[in-house]
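Each chain, letter by letter, is given below.
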Amino acid sequence: MPDQAKAQDSLTITVVFDNYEYKQGLETSWGFACVIQGMEDTLLFDTGADGDILLRNMEKMNLDPQQIESLVISHDHWDHTGGLQAFLGQNDRVDLYLLDSFSQDLDANERFPNLKAHRSLESRKICEHVYTTGKMGSRIAEQSLIIDTSKGLIVITGCAHPGIVDIVKQAKTLLSKQIFLVMGGFHLRDKNDTEIADIIQNFQSLGVNYVGASHCTGDKAIKAFANTYKERAIDLGVGQVIRIDDLQ
Ligand SMILES: [Zn+2]
Ligand SMILES: [Zn+2]
């Protein structure tokens, strides 16, 4: 128990790929990826659209690809899988978590003999306190990441094609805990003001404490979340480092 608390205290999530800029000197491009440190495994969630940009951004932020132990891909869209091959070229000694329905090209391992690919449709445990939601969505299959912290659950999404509210509900159902932070792409670009207001209302009734909306969320929805969540809306973009310790 003390060990568990200690590990979670230093939990840090760094956005290494995003179409929004948070910190100057890093490259922006369409897509999303973040590195999670401070859990049992060091994780990479998604890989953005371009491996060169991903690796250059990681290098500038002193994140060594060799440190990554587990890699979770949210869904089989180029803006989340595009950096995968380049990343594996640097470090193929990883556990790679895919949904069954993703393209076989993603984990074809002739080039990457050390790669351990895991395909599944169900929710699964990646390491202590870190889980996937399992497959959601019928048209575009997607999984999200759930980190179980002493402050509540952190949900990280790629594009949230299955619906951001449904993903949050799924995380809550799977682990029966409060939601501390929801972050990533929320895919609300085509929603109107009323629909966005309704989604934010849902976040509040689900007890979501902090929000970090980025990537494909859309400027209008990002602004609306910021207006409602105020200091609990985390400005996401490439270079943002979220230290869970710093959040109340
Ligand atoms: Zn997508
Ligand atoms: Zn996307």
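Residues numbered from 1 in each chain as written. Chains lettered and ligands numbered in written order. Predicted model: local features only at pLDDT ≥ 70, side-chain atom pairs only at ≥ 80, totals over all residues. Heavy atoms only, no water.

1. Topic: the environment of E231
Part 1: In this structure, E231 sits in the loop between helix 7 (219-229) and strand 13 (241-243).
Part 2: Using a relative accessible area of 66% as the deciding quantity, one classes E231 as exposed. (Helix = DSSP H or I, 4+ residues; strand = E, 2+ residues; numbered from the N terminus. Buried < 20%, exposed > 50% of the residue type's maximum accessible area, 1.4 Å probe, protein only.)

2. Side note on unusual backbone geometry
Part 1: Its identity is not glycine, yet A160 carries a phi of approximately 55°, on the positive side.
Part 2: Along the chain, A160 turns up in the loop between strand 10 (152-157) and helix 5 (164-175).
Part 3: A160 sits in the buried class, given a relative accessible area of 3%.
Part 4: Phi at S176 is positive, roughly 50°, even though this residue is not glycine.
Part 5: Within the fold, S176 resides in the loop between helix 5 and strand 11 (179-185).

3. So, empty space enclosed by the protein
Part 1: One pass over the structure, following the stated rule, counts 1 cavity of 30 Å³ or more.
Part 2: Space inside the largest cavity adds up to approximately 30 Å³.
Part 3: Every element with two or more residues in the lining of the largest cavity is listed here: strand 5 (95-99) and strand 6 (116-120).
Part 4: Residue composition of the lining of the largest cavity, grouped by class: 2 nonpolar, 4 polar and 2 charged. (1 Å grid on protein atoms, 1.4 Å probe; cavity = no way out; pocket = protein on both sides within 12 Å on 5 of 7 lines; lining within 4 Å. Points joined across faces, edges and corners; volume = space filled by probe spheres on them. Nonpolar A, V, L, I, M, F, W, Y, C, P; charged D, E, K, R; others polar.)

4. Remarks on the pattern of salt bridges
Part 1: Inspection of every chain in the model, using the stated rule, returns 7 salt bridges.
Part 2: Of the charged contacts, one joins E27 and R56 as a salt bridge, the two residues approaching to 2.7 Å between their closest N and O atoms. Within this pair, whereas E27 is found in the loop between strand 1 (12-18) and strand 2 (32-37), its partner R56 is found in helix 2 (residues 51-60), the two being separated by 29 residues in sequence.
Part 3: Exposure remark for R56: the relative accessible area of 39% places this residue in the partly exposed category.
Part 4: Measuring nitrogen to oxygen at the nearest pair gives 3.9 Å for the salt bridge that ties K116 to D95. Of the two residues, K116 is situated in strand 6 and D95 in strand 5; the sequence distance between them amounts to 21 residues.
Part 5: Connected through shared salt-bridge partners, E27, R56 and K60 make up one network. (Salt bridge = Lys/Arg side-chain N within 4 Å of Asp/Glu carboxyl O.)

5. Digging into the coordination of the zinc ion (ligand 2)
Part 1: Every protein donor of the zinc ion (ligand 2) is listed here as D79 (OD), H80 (NE2), C159 (SG) and H215 (NE2), and their distances to the metal cover 2.1 to 2.2 Å.
Part 2: One can describe the donor arrangement at the zinc ion (ligand 2) as irregular, given that its 4 donor atoms subtend angles of 91 to 146° at the metal. (Donors = N, O, S within 2.8 Å, 3.2 Å for Na, K, Ca; no water. Tetrahedral: all angles 85-135°; square planar, octahedral: opposite > 155°, others 65-115°.)

6. Describing the coordination of the zinc ion (ligand 1)
Part 1: Within the protein, the zinc ion (ligand 1) binds to H75 (NE2), H77 (ND1), C159 (SG) and H161 (NE2); these donor distances fall in the range 2.1 to 2.8 Å.
Part 2: The site at the zinc ion (ligand 1) holds 4 donor atoms, and with the angles between them running 91 to 170°, its shape is irregular.
Part 3: Between the zinc ion (ligand 1) and the zinc ion (ligand 2), a spacing of 3.8 Å is present, and a bridge between the two is formed by C159. Of the two residues, H77 is situated in the loop between strand 4 (70-72) and helix 3 (78-81) and C159 in the loop between strand 10 and helix 5; the sequence distance between them amounts to 82 residues.
Part 4: Note on H77: relative accessible area 25%, which makes it partly exposed.
Part 5: By relative accessible area, C159 is classed as buried at 4%.

7. Regarding the packing of aromatic side chains
Part 1: Scanning the model with the defined rule gives 5 aromatic pairs in all.
Part 2: Look at F225 and Y229: their rings are 6.3 Å apart centre to centre, the planes differ by 40°, and that puts the pair in the tilted class. Taken together, the residues F225 and Y229, both in helix 7 and 4 residues apart, mark about one turn of the helix. The same class applies to F225 as to Y229, namely buried.
Part 3: Counting every residue linked through ring pairs, the aromatic cluster contains F186, F203, F225 and Y229. (Phe/Tyr/Trp six-rings, centres within 6.5 Å; stacked < 30°, edge-to-face > 60°.)

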